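Secondary and tertiary structure notes
Listed below, chain by chain, are the residues.
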Amino acid sequence: MDTLAIETVNLTCKFEDLIAVDHLNLQVKKGELFGLLGPNGAGKTTLINMLSTMILPSEGHAKVWDFDVKKTPSQVRQNIGVVFQGFTLDDRLSGRENLDIHGRLYGLSKHMRKQRIKEVLELVELQDKADVLVKTYSGGMMRRLEIARGLMHHPKVLFLDEPTLGLDPQTRNHIWNYIRCLNRDENVTIMLTTHYMEEADHLCNRIAIIDSGRIQALDTPENLKNSLGGDVVKLVVDNEEIASALCKLYIKNGCAGNVHWKKSSIFITIKDGAHKIPHILTIASGANINILSVDLHRPTLDDVFLSHTGRAIREEETSEMGKFSFQFRTARR
Amino acid sequence: MRWGSSASSSGQRGGDITSLISDLPGNCSIATNTVYTLWLREMLRFRRSKSRIIGSLATPLFFLVILGTAFNSSFQMRGGGDTNIGFLTPGIIGMSILFSSLMGGVSILWDREFGFLKEILIAPVPRFFVALGKALGGVTTAMIQGTMIMIVALFLGVEYQSYLGMLTSVGIMLLIGLGFIGLGIALASQIESHEGFQMIMTFITMPVLLLSGAFYKIGDLPMWLKTLTYLDPLTYGIAALRYTLMGESEIPIIICLIVLVLFAATTIGLGGYLFSRAKA
C-alpha cells in the first residue's frame, strides 16, 4: 500500500446516459511520471476530475496518497496540485499575486510563501515577469505560471491535464523539461493526460491507453511498442474496399502478425519486417491488387493505439479540422 | 498537515455544520484565513481598476446632480425642510450599494468564465468561507463607493445631521451590501452561463431600485404600490440611511435594522450554501 500514490477500484463516472469512466482499475506508484493517453472524450479529464475531488464518482473508490477521494476530499486536496486544461489564473493580478493567493489558500506561512514563490518562479523561469499582470502573459507563460502555482504547496501528486495543448513546439519542449525536472528533483508523482503521442512517449515512465472510459493497455512506452511484436509495414492501396479485401487475404494467408486497415492504408505488424516485404507484395500482386506505396517503421504509440482500439488517435481531430476549414471556406464566400 | 482533520468540513457538497462546530479553534483559523484571502483578492483587483471606480461613481453622481436639480425646480418636497438633493442622497447611496454589491456577487460568473473559480473550488478550504470572503470583498468596494458619494454630496451642498450619523451610515451600507451580495452569489451559483446576467440586472436591480423609495416618499403612495415597497428590502436600507444621514425616516429605525440584519443573514447563508454546491 505504501508505495502507491494513486489507486482506483472500479472507478466509474456516469453523466446521464454517457459512461465517461467505466469501472477503471489503476495503480500509480509513488514517484512515477504516469501518462493517460487517449483521444478527446476518452474520459481522461473526467478521471482527473474525480481523482482531484472536483466531481464525485458514481461508483467505485479512489485513493490519492492513501486518502479516499469521497470520504476525505480535503486531505486529498491538500496533497495534490492540479493544472487544469483551461487557464485558471486571475488575469487582473500579477503572477506573484496569483501565487501568493494560492499559498494563502493552502495555509502557507508568510515566510514559506515568500521562499516558495521564489523557488517555483525560478523553476519555470518567470522571475522577470513576476510582477507583471497575467493579462499580458503569452499562453506558454500562463501555462508555466499554472505549473508553478500547482507546485506552491509541495503537493505529493501533481495532475496535469493536457499541459501542452495549443502551445507551439518550442514552448512544448520547454514545458516537457520542467515536468521532467520536477518529477526528478522535487520528487513529485505526476499524472498527466495528453493526446500527443510524442508527449507520452518522451515523458512518461508508464502509459495507460484509455478509450471509451476504459484502460486498453498499460505499460512502459517501450514495452507497449514491443508488445506489437515487430515492425510495422504500411501499405497504401487505391481505396477502402481494396484495403479491407487485401486485409482479409493476408489473414487467410496466415500472415504471422497483426493486420489492421484504416481508410486505404493497411498496417501489418510483423517481426523482421524488412525481409517480409517481398512476400507481402507477392501475395498482393497474386491477387492483382495494385499497391501505391510501402513503408516500414518501428512501431510508434500511434500503432499501439490503433491495434488496441482499431482507430487512430488523431481521427476526431482531423475531422474537426476538416469542419473548421469548411466553415472557413463558407464564411469567406 | 496544518489543516488536520478539521479540513474535512469542506466536503464536495459544502461544509458539514456538525464537524465545523466540533473542531472550532482549528476551523476558526482556516475560516479567517480563507475569508481574508478572498477579501484580499477583491481588494487587489479593485485597486487596479481605476476606470471601474470612476465609472461606478459617475452614474450615481449624474443621478444626484441631474435628478436633484430637476426635482428641485419641478416639485416642492412635502414635509421636512431639507432640499430635494438632500432627500435624494441617501437614495442614491443605496442605489450605488445595490448596483456594486449585486455586481460583486455576480462576478462569480466571470470567475467561472475565466476559469479562476476552479482554482478556488479545488483549494482545501470550506467553500462557505470562500463565499463569505468574496462577499466581504465586494461589500468593501461597495462601501468605499457609497462613502465617496456621501462625501461628494457634501460638496454639492447636502447638509448631514452629524458626523456620527455619517459614520453610522457606513455601517448601514455594510448591511445593505451584505444582503445584496449574498443574493448575487446565490443567483450566480445557480446560473451556469453569463447570459443569465442580463436577466438578473433587468428583473432584480430595476424593480428593487424603483420600489425602494430612493426617489420618492412612501407615505403618499397608493395602497398597492405601498405594499410592494414594503416588500423591498432596499426600502429599509434607504430609510435607515435617511435616518442616520438626515435624521428623519418614514420607517422606525429599529424595524429597518431588524429587516436589514435578517435579510443579510438569509442571503449570505443561502449564497454560501448554494456556492458550496456550485459546479466549476
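Predicted model only: the values in this text are computed from it and were never measured.

**Describing the layout of surface pockets**
In this approach a probe as big as a water molecule rolls over the atoms, and the regions it shows empty are the leftover space. As a volume, the largest pocket reaches approximately 740 Å³. In terms of lining, the largest pocket is formed by 28 residues, of which the most central are A:Arg92, B:Arg52, B:Met103, B:Gly104 and B:Ser107. At the level of secondary structure, the elements contributing two or more residues to the lining of the largest pocket comprise helix 2 (24-48), helix 3 (50-74), helix 4 (84-106), helix 5 (108-113) and helix 7 (127-155) of chain B.

**Regarding the environment of A:Phe159**
All names here are of chain A. Inspection of the secondary structure assignment puts Phe-159 in strand 7 (residues 157-161). For the pair Phe-159 and Leu-51, spaced 108 residues apart in sequence, the C-alpha to C-alpha distance is 8.9 Å. Beyond its immediate stretch of four places on either side in the chain, Phe-159 contacts Ile-6, Ile-48, Leu-51, Ile-80, Gly-81, Val-82, Val-83 and Met-191.

**Remarks on the interface of chain A and chain B**
Facing the 34 residues of chain A at the interface are 34 residues of chain B. Counting the surface lost from both chain A and chain B, the interface buries some 3000 Å², and carbon and sulfur atoms represent 58% of this. Looking at the side of chain A facing chain B, the largest losses of area belong to A:Arg77, A:Arg104 and A:Leu105, adding up to 23% of the total buried there. In this assembly, chain A and chain B are joined by 5 salt bridges. B:Arg48 serves as the salt-bridge partner of A:Glu97, at 2.9 Å between the closest nitrogen and oxygen. There are 9 residue pairs in polar contact (both at pLDDT 80 or more) connecting chain A and chain B. Elements that contribute at least two residues to the side of chain A that touches chain B include exactly helix 2 (73-79) and helix 3 (95-105) of chain A. Tallying contributions element by element places helix 3 of chain A first for the side of chain A that touches chain B, with 7 residues.

**Some details on the environment of A:Leu246**
Residues and elements named next belong to chain A. Mapped onto the secondary structure, Leu-246 falls in helix 9 (residues 240-252). Residue Leu-246 is classed as buried on the basis of its relative accessible area, which comes to 0%. If sequence neighbours within four positions are ignored, Leu-246 has contacts with Leu-235, Val-237, Ile-266, Ala-284, Ile-289 and Ile-291.

**Here we look at empty space enclosed by the protein**
The final tally for this structure, using the stated rule, is 5 cavities of 30 Å³ or more. Put simply, the largest cavity is a space of about 60 Å³. As for the largest cavity, its lining consists of A:Ile80, A:Gly81, A:Val82, A:His102, A:Tyr106, A:Arg149, A:Gly150, A:His153, B:Glu119 and B:Ile122. When contributions to the lining of the largest cavity are tallied by element, the ones reaching two or more residues are strand 6 (80-83) and helix 5 (139-151) of chain A together with helix 6 (116-122) of chain B. Looking at the lining of the largest cavity residue by residue, the class counts come to 4 nonpolar, 4 polar and 2 charged.

Reading the values: the criteria
- Residues numbered from 1 in each chain as written.
- Chains lettered and ligands numbered in written order.
- Predicted model: local features only at pLDDT ≥ 70, side-chain atom pairs only at ≥ 80, totals over all residues.
- Heavy atoms only, no water.
- 1 Å grid on protein atoms, 1.4 Å probe; cavity = no way out; pocket = protein on both sides within 12 Å on 5 of 7 lines; lining within 4 Å.
- Points joined across faces, edges and corners; volume = space filled by probe spheres on them.
- Helix = DSSP H or I, 4+ residues; strand = E, 2+ residues; numbered from the N terminus.
- Contact = heavy atoms within 4.5 Å.
- Buried area = accessible area lost by both parts, 1.4 Å probe.
- Salt bridge = Lys/Arg side-chain N within 4 Å of Asp/Glu carboxyl O.
- Polar contact = N/O pair within 3.5 Å; in protein donor to acceptor, adjacent residues only side chain to side chain.
- Buried < 20%, exposed > 50% of the residue type's maximum accessible area, 1.4 Å probe, protein only.
- Nonpolar A, V, L, I, M, F, W, Y, C, P; charged D, E, K, R; others polar.

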